[in-house]
Amino acid sequence: MNRVNSWDEFQSLEELLVGSIYDSSFFDKVKSVRARDAVKRIFDETQEDLDNFVETMQSHNIKIYQPSTKELGYKDSIMDYVNEEGQLGHRKNSGSHEDDKSLYHTGIRGNLIPNPPLQPRDDSIVMGNKIMVSDPYTFATKGLVIKMEEWFGKENVDCSVHDYEFTRSDKNLKNLLKRNNMPVTRANINKMREKDKLGSFCSPNLTRIGKTCLVDTWQVPTLVDDYLVKEFPNWNYKEIYIGGHNDAVFSVIKPGLVIASRDLEPYKDVFKGWEIIWFEDPNWKQVKHWQRLKYKNEGKWWVPGEEENDEFTEWVESFLPNWTGLVEETIFDVNCLVVDDKHVVVNSDSPHLLESLRKHNMEPIVCPLRHRFFWDGGWHCLTLDIKRKGGQIDYGI
């Protein structure tokens, strides 16, 4: 019997890996009271939401795997990442892997505290009977690979990306230049292309639909030919270019039904004959003080009730600049986790979402994720389906 088995996003779910976070006590020594209280609230409420989600999944007879931050090598207190000179930074103090120089590159630069292992799907995806680790270099994934090999067998965890080097796309290079505060010019793009190769890629660039796998090439234009067809040849790969994580744009709910933002419209014919339920971009102008907050954090994140907490905003932007994404571009209603042919987990009780799903005989299971606008992720991001019933089927895509 296969210990790992998942060929699409919608066959009945049996086993699930769930992300985790620091205990809120990790932040007890943060000096700013307003910053400390806000970040502790985020972590306390996120833990409550995770616990509720796990309990809900277990009520559907789904086996849960959820490693703690301690098991993955994280420290217990923010002060454990401060060195003798009083400097905060996990590149100097890298948890239980302190002598591993490869951790100097975390995959996300700029953070002074390791990202919590909340979104395992960012760096891993199950391709049939193998867990493909697309980025084994991040702090969270290095520890998670060890646990996955323990749980599912080393032979079922594929880290072959170690042997590859990829050329970045223009879009990816522009993002890299901006992150490093460098001018986005053609000369700098060309220089960076030769200098800074990729040894990994984002797993959510892939969407599995039985025998077909949709691949967004925004990050690595040659990913299909250079890597996927060599290491995972039993798929029919179709290239798309949306420009980000697929699960922030669309979800395949079941054969014949997709929910999507308008960013999928150029590729709607991929799902010819299927129904697509469209979702419009949210109107952020309705959020009180959004324009003022956007001026300070570039529209990357939002915590309801903390829009005018400048101490908290400055603290996040100073110490956790890349924990967050760009929520202004994300439609969380489409970030769903399908349980079986009758149930799907959603993040909110959006009337349009609930009514649309019920119209197609899919009962939504509302599991609130109150701080999705901070984490820039929904329940699909926060999980990894390890085992689903069934095999690889041709759905005509």
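Structure: above.
Per chain, residue numbering runs from 1 following the sequence as it is written. Given that this is a predicted model, residues contribute local features only at a pLDDT of at least 70 and side-chain atom pairs are listed and counted only at 80 or more, while totals for whole chains, interfaces and linings are drawn from all residues. The side-chain values count all of the structure's non-hydrogen atoms but skip hydrogen atoms and water molecules.

### Some points on the environment of Thr-330
Line of reasoning, step 1. Here Thr-330 shows up in the loop between α7 (310–319) and β12 (337–338).
Line of reasoning, step 2. Here the alpha-carbon distance between Thr-330 and Phe-279, two residues 51 residues apart in the chain, equals 11 Å. Under the scheme used here, helices are H or I runs from DSSP no shorter than 4 residues and strands are E runs no shorter than 2 residues, and both carry numbers assigned from the N terminus.

### A closer look at the pairing of strand β13 (residues 343–346)
Line of reasoning, step 1. Between any two strands, pairing holds if DSSP finds at least two bridges. Relative to β13, β12 runs antiparallel, the two sharing two bridges. For Leu-337, the partnering residue across the bridge sits in β13 and is Val-345.
Line of reasoning, step 2. Here β12 folds back onto β13, and the loop between the two strands holds four residues.
Line of reasoning, step 3. Pairing geometry for β13 and strand β14 (residues 363–366), over four bridges, is parallel. Within the sheet, the bridge partner assigned to Val-345 lies in β14 and is Ile-365.
Line of reasoning, step 4. You can see the chain leave β13, run along helix α8 (residues 351–359) and come back into β14, and the turn it takes is right-handed. For the handedness criterion, the strands are oriented away from the viewer, and a crossover whose path from the first strand over the helix to the second runs clockwise is classed as right-handed.

### Side note on the side chain of Ser-77
Line of reasoning, step 1. Here Ser-77 lies in the loop between β2 (63–65) and β3 (124–127).
Line of reasoning, step 2. On the accessibility criterion, Ser-77 (17% relative accessible area) is buried.
Line of reasoning, step 3. Beyond its immediate chain neighbours, meaning those up to four positions away, Ser-77 contacts Phe-26 and Lys-29. Here the term buried applies to any residue with accessible area under 20% of the maximum for its type, exposed to any over 50%, and partly exposed to those in between, with areas from a 1.4 Å probe on protein chains only. Residues count as neighbours in contact if any of their non-hydrogen atoms are within 4.5 Å of one another.

### A short note on the sheet that holds strand β10 (residues 257–261)
In a beta sheet, neighbouring strands pair by backbone hydrogen bonds and run either parallel or antiparallel.
Line of reasoning, step 1. Spatially, three strands are ordered β9-β10-β11 in an open sheet, and the strand pairing comes out mixed. If you trace the sheet from one side to the other, it starts and ends with β9 (250–254) and β11 (275–279), each paired once. Between one strand axis and the next, the sheet turns by 20° as a mean value, whatever way the strands run.
Line of reasoning, step 2. Both β10 and β11 contribute to a ladder of five bridges, which runs parallel. Within β11, the residue paired with Ser-261 across the bridge is Phe-279. All axes here are fitted lines through C-alpha atoms, helices being fitted over the stretch that makes contact, and every angle between N-to-C directions spans 0 to 180 degrees.

### Observations concerning the sheet that holds strand β7 (residues 212–216)
Line of reasoning, step 1. Taken together, the three strands give an open sheet; going across it, the order is β6-β7-β8, and neighbouring strands pair in mixed fashion. In this open sheet, the two edge strands, each paired with only one partner strand, are β6 (206–209) and β8 (236–240). In this sheet, adjacent strand axes meet at a mean angle of 20° when their direction is disregarded.
Line of reasoning, step 2. Each of β6, β7 and β8 is contacted by helix α5 (residues 223–231), which is oriented at about 155° to β8, the strand it contacts most.

### A short note on unusual backbone geometry
Apart from glycine, the bulk of residues carry a negative phi angle, and the bulk of peptide bonds sit in the trans form.
Line of reasoning, step 1. Despite not being glycine, Asn-361 has its phi angle at roughly 60°, a positive value.
Line of reasoning, step 2. As for its placement among the helices and strands, Asn-361 is situated in the loop between α8 and β14.
Line of reasoning, step 3. Under the relative-accessibility criterion, Asn-361 is labelled exposed at 63%.
Line of reasoning, step 4. A positive phi angle, close to 55°, is found at Asp-376, a residue other than glycine.
Line of reasoning, step 5. With respect to the helices, strands and loops of the structure, Asp-376 is situated in the loop between α9 (372–375) and β15 (383–388).

### Considerations on the environment of Glu-363
Line of reasoning, step 1. Positionally, Glu-363 belongs in strand β14.
Line of reasoning, step 2. Glu-363 gets classed as partly exposed once you look at its relative accessible area, which sits at 35%.
Line of reasoning, step 3. For the pair formed by Glu-363 and Gly-299, sequence separation is 64 residues and the distance between their alpha carbons is 33 Å.
Line of reasoning, step 4. For Glu-363, the contacting residues outside a window of four places in its chain are Lys-342, His-343, Val-344 and Arg-358.

### Quick notes on the pattern of salt bridges
Line of reasoning, step 1. We define a salt bridge as a side-chain nitrogen of Lys or Arg found within 4 Å of a carboxyl oxygen belonging to Asp or Glu. Summed over the entire model, instances satisfying the criterion amount to 21 salt bridges.
Line of reasoning, step 2. Among the ionic pairs, Arg-186 bridges to Asp-170, the shortest N-O distance being 3.0 Å. With a gap of 16 residues between them, Arg-186 in helix α4 (residues 186–195) and Asp-170 in helix α3 (residues 170–179) connect regions that are remote in the sequence.
Line of reasoning, step 3. Salt bridges sharing common partners tie together Glu-9, Arg-121, Arg-208, Asp-385 and Arg-388.

### Regarding helix α1 (residues 33–59)
Line of reasoning, step 1. Residue count minus one, scaled by 1.5 Å, sets the expected span of a helix. Here α1 spans 39 Å end to end across 27 residues, near enough to the 39 Å set by a 1.5 Å rise per residue.
Line of reasoning, step 2. Positive phi appears at Asn-61, one or two residues downstream of α1, with a value of about 65°.

That is the geometry; function is a separate question.
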